[in-house]
Amino acid sequence: MADERRTQFDAEVRAAALTLSERDADLLYEMWLEWLPQRDRLRATVPALEDEPWR
Amino acid sequence: MAVSVGDLDLRTVSEAIGRRDLTSVEATEGYLARIAQHDRVLQSYITVMTDQALARAKAADAEMERGRRRGPLHGVPIALKDLIAVAGVRMTSGSQLMADHVPSRDAFVTERLHDAGAVILGKVAMHEWAFGRPATEGPFPTGRNPWDVSRAPAGSSSGSAVAAAAGLCAGALGSDTGGSIRGPASMCGLVGHKPTYGLVSRRGVLAMSWSLDHVGPMTRGVWDSAALLQAIAGRDPEDTSTRGAVTQDYLGALESGARGLRLGVLRRFYVEWSGLDPEVASAARQAFDVLRADGASLEDVDAPSLDVSMAAWAPFLAETFEYHKEHLRTRPEGFRESLRPRLYMGALFTAADYLRAQRLRERFRREVETLFGRVDLLVFPGQAAPALRFDEFPMKGLATPAMRYTAPWNLLGLPAVVVPCGFTRAGLPVSIQIVGRAFDDATALRLARAYERATDWHTRRPDPARWSL
């Protein structure tokens, strides 16, 4: 599971075109992993059709 | 005048200057002397503007001699968070990348303060780029809590809070993107006011997140914050977010009391949260009783979207990443290691995440608007816990759980005021928070003043004898 997560993280870092030192990548991974439940929660919370983006 | 300005609130300084019991030069020299005496330990100032401040103070006194007093801030020494521009004065944002940055133009709020006759005393410390962590070492330390110098004042407007609480200025301005005015104000026993988004211009203020940044006062008393807000609020043609700004008479409404105000207590999400410190919870409950006794009615209310508010806050860090992207690419070593990953995180939210957050933000707004059909103001504890020791402060992580007390209200841009409501057994200040309708900052300040008038927490001062390491 940890390997899968790291693979997912590395893919997201590449998609974001970030160039990181090894140290920064490890620190960011730790932070990303910790925040993942919140991000999953955001993505799982489906707004109503009438919920347009804030303007 | 044989007065120690360090013991006074802004109102008392203002009134003494107005009565000509105190000159602006005397007040300014008084604060400069305290800075010289105490700031080696407190670390609240990055730049002390001695010559400019004394020149402004002399000019303010000369105007008074000619019979002209511009208003309540005339001659009153104020400190600015070091991301608010003063022309010709270094502005660092607490970052070594900006160590030599000198803006050529005043921020809008600086212009307004000058127009009001205020004396800018200096630029005060802050967390790096308004998103870093507390630091006692390095080129830009972030300040020590005057109630206990082994503790952090929280941030990011840390120096504003330390200087105002320690009497090293009469009041200060800070900025707030997720709680950076209200957090340190709570930890240092101050009133902290995040005004309605769009009421105060951000022009000339370095950004963290354009959508969520607010500039506002941090002071010992409610009147003090209202006077500062009166000076800095209003439309600025160069900041389009202020196009809809509606100003009010903030001082005029202050003494109207709590009677008749309907208050909604956000009990489930805030008062009953398991992470809330018991002493903060107890102080808040007692504060609610004071407000009830003062004539307000209280009922429990809820906004379900609070549960996803932190999840919806974080994608706005895409704005922060965008702001710093070039520096992160070319000079990553210019950021502290505690900040860099937090900035990079902003790159890992997708455009869909950002839009989902914007849609949930709108849903949250509708829920709260519905609540404001039943109540005039929302009230809840101002913080999760009292000030932490430096060695307790979480250096990792994107956002602390405690940010649930502040960050959701940046999403909605509503006026939010923290006011001191007691002290823990260890002598650390705690607060309640009051949230009002958009552009009705006056009613939030009115309730804060009603509470302040009924209690004496705001009269307590930290003891300078304890400011040693």
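Numbering of residues starts from 1 in each chain and follows the order in which that chain's sequence is written. Here every chain gets a letter starting at A, and every ligand a number starting at 1, in the order they are written. With the structure being a predicted model, the display of local features is reserved for residues of pLDDT at least 70 and the display and counting of side-chain atom pairs for 80 or more, all residues being used for whole-chain, interface and lining totals.

A. Looking closely at the overall build of chain A. The helix and strand inventory of chain A stands at two helices and zero strands. Relative to the compact-globule value of 10 Å for 55 residues, chain A shows a C-alpha radius of gyration of 15 Å, a clear excess of over 25%. Each principal axis of the C-alpha distribution contributes one length, and for chain A these read about 45 × 25 × 15 Å. Across the 55 residues that make up chain A, the buried fraction comes to 11%. Helix and strand labels come from DSSP, where a helix needs a run of H or I of at least four residues and a strand needs a run of E of at least two; each type is numbered from the N terminus. As a reference, a globule follows 2.2 Å times the number of residues to the power 0.38, and the radius of gyration itself is taken over C-alpha atoms. The exposure label follows from counting other C-beta atoms within 10 Å of a residue's C-beta, where the C-beta atoms are placed from the backbone and the thresholds are 20 or more for buried and 12 or fewer for exposed, leaving partly exposed in between.

B. A look at the overall build of chain B. When you go through chain B residue by residue, the secondary structure sums to 15 helices and eleven strands. Computed over the C-alpha atoms, the radius of gyration of chain B is 20 Å, within 12% of the 23 Å expected from 2.2 N^0.38 for a compact globule of 469 residues. Along the three orthogonal principal directions, the C-alpha set of chain B runs to about 60 × 55 × 45 Å.

C. Examining helix α5 (residues 158-165) of chain B more closely. Residues and elements named next belong to chain B. With eight of its eight residues buried, α5 lies for the most part within the structure. When α5 is considered as a whole, its buried residues turn out to be Ser158, Gly159, Ser160, Ala161, Val162, Ala163, Ala164 and Ala165. Residue Gly167 follows α5 closely and has a positive phi angle near 70°.

D. Up close: helix α11 (residues 317-330) of chain B. Residues and elements named next belong to chain B. A helix is expected to reach a length of 1.5 Å times the quantity of its residues less one. Along its 14 residues, α11 runs 20 Å from first to last C-alpha, staying within 8% of the 20 Å computed at 1.5 Å per residue. Bend at a residue means the angle formed by two fitted axes: the first through the 7 residues ending at that position, the second through the 7 residues beginning there. Bending of α11 peaks at approximately 60° at the position of His324. Considered for burial, the residues of α11 that qualify are Leu317, Ala318, Thr320, Phe321, His324 and Leu328. Remark: residues whose backbone-derived C-beta atoms lie within 7 Å of one another are considered to be in contact. Elements that come into contact with the buried residues of α11 comprise α12 (340-345) and α13 (351-371).

E. Spatial organisation of the packing of helix α7 (residues 222-232) of chain B against helix α15 (residues 441-454) of chain B. All names here are of chain B. It is the contact of α7 with α15, at a shortest axis distance of 9 Å, that shows an interaxial angle of 160°. With respect to α15, the element α7 is oriented roughly antiparallel. Between α7 and α15 lies a crossing whose hand is left-handed. Along its contact with α7, which presents Val222, Trp223, Ser225, Ala226 and Leu229, the element α15 presents Asp441, Leu445, Ala448, Arg449 and Glu452. Charged means Asp, Glu, Lys or Arg here, nonpolar means Ala, Val, Leu, Ile, Met, Phe, Trp, Tyr, Cys or Pro, and polar covers whatever is left, Gly included. Residues that form the contact of α7 with α15 fall into these classes: six nonpolar, one polar and three charged. Axis definition: a line fitted to C-alpha atoms, over the contacting stretch in the case of helices. Angles run 0 to 180 degrees between N-to-C directions. Each angle receives one of four descriptions, namely roughly parallel if under 35 degrees, roughly antiparallel if over 145, roughly perpendicular if within 65 to 115, and oblique otherwise. For any helix crossing, the convention is left-handed if the near helix is rotated counterclockwise from the far helix by under a right angle, and right-handed if that rotation is clockwise.

F. Quick look at the environment of Glu111 of chain B. Among the secondary structure elements, Glu111 of chain B is positioned in helix α4 (residues 108-115). Taking the C-alpha atoms as reference points, Glu111 of chain B and Ile232 of chain B, 121 residues apart in sequence, are found 8.6 Å from one another.

G. Looking closely at the nonpolar core. All names here are of chain B. Residues enter a nonpolar core if they are buried, belong to Ala, Val, Leu, Ile, Met, Phe, Trp, Tyr or Cys, and are joined to the set through C-beta atoms within 7 Å. Ranked by internal contacts, the top residues of the largest apolar core, which has 162 residues, are Val13, Ile78, Ile120, Ala163, Cys169, Ala172 and Ala448. At eight residues, the largest contribution of residues to this core is made by α7. When near neighbours in sequence (up to four residues on either side) are disregarded, Ala172 contacts Ile78, Ala79, Leu80, Val124, Ser160, Ala163, Ala164 and Met218.

H. Seen up close, the environment of Trp210 of chain B. If you trace the backbone, Trp210 of chain B turns up in the loop between β5 (191-194) and β6 (214-219). Put simply, Trp210 of chain B and Glu452 of chain B are 242 residues apart on the chain and 33 Å apart in space, counted from C-alpha to C-alpha.

I. Local environment of the sheet that holds strand β3 (residues 119-124) of chain B. Residues and elements named next belong to chain B. The strand order across the open sheet built from eleven strands is β1-β3-β2-β4-β6-β5-β10-β11-β9-β7-β8, with neighbouring strands paired in mixed fashion. Where the open sheet ends on each side, the last strands, each with one partner, are β1 (45-48) and β8 (297-301). If you compare each strand with its neighbour and ignore which way they point, the axes differ by 30° on average. By the bridge criterion, two bridges tie β5 to β6 in an arrangement that is antiparallel. Bridging from a neighbouring strand, Gly192 pairs with Met218 of β6. Along the sheet, α5 contacts β1, β2 (77-81), β3, β4 (171-176) and β6; its crossing angle with β4, the most-contacted strand, is approximately 155°. Note: two strands are recorded as paired if DSSP finds a minimum of 2 bridges between them.

J. Seen up close, unusual backbone geometry. Residue and element names in this part refer to chain B. Residue Ser156 follows Gly155 across a cis peptide bond; omega there is 10°. Inspection of the secondary structure assignment puts Ser156 in the loop between β3 and α5. Of note in the backbone geometry, Trp129 takes a positive phi value of approximately 55° without being a glycine. Note on placement: Trp129 falls in the loop between β3 and α5.

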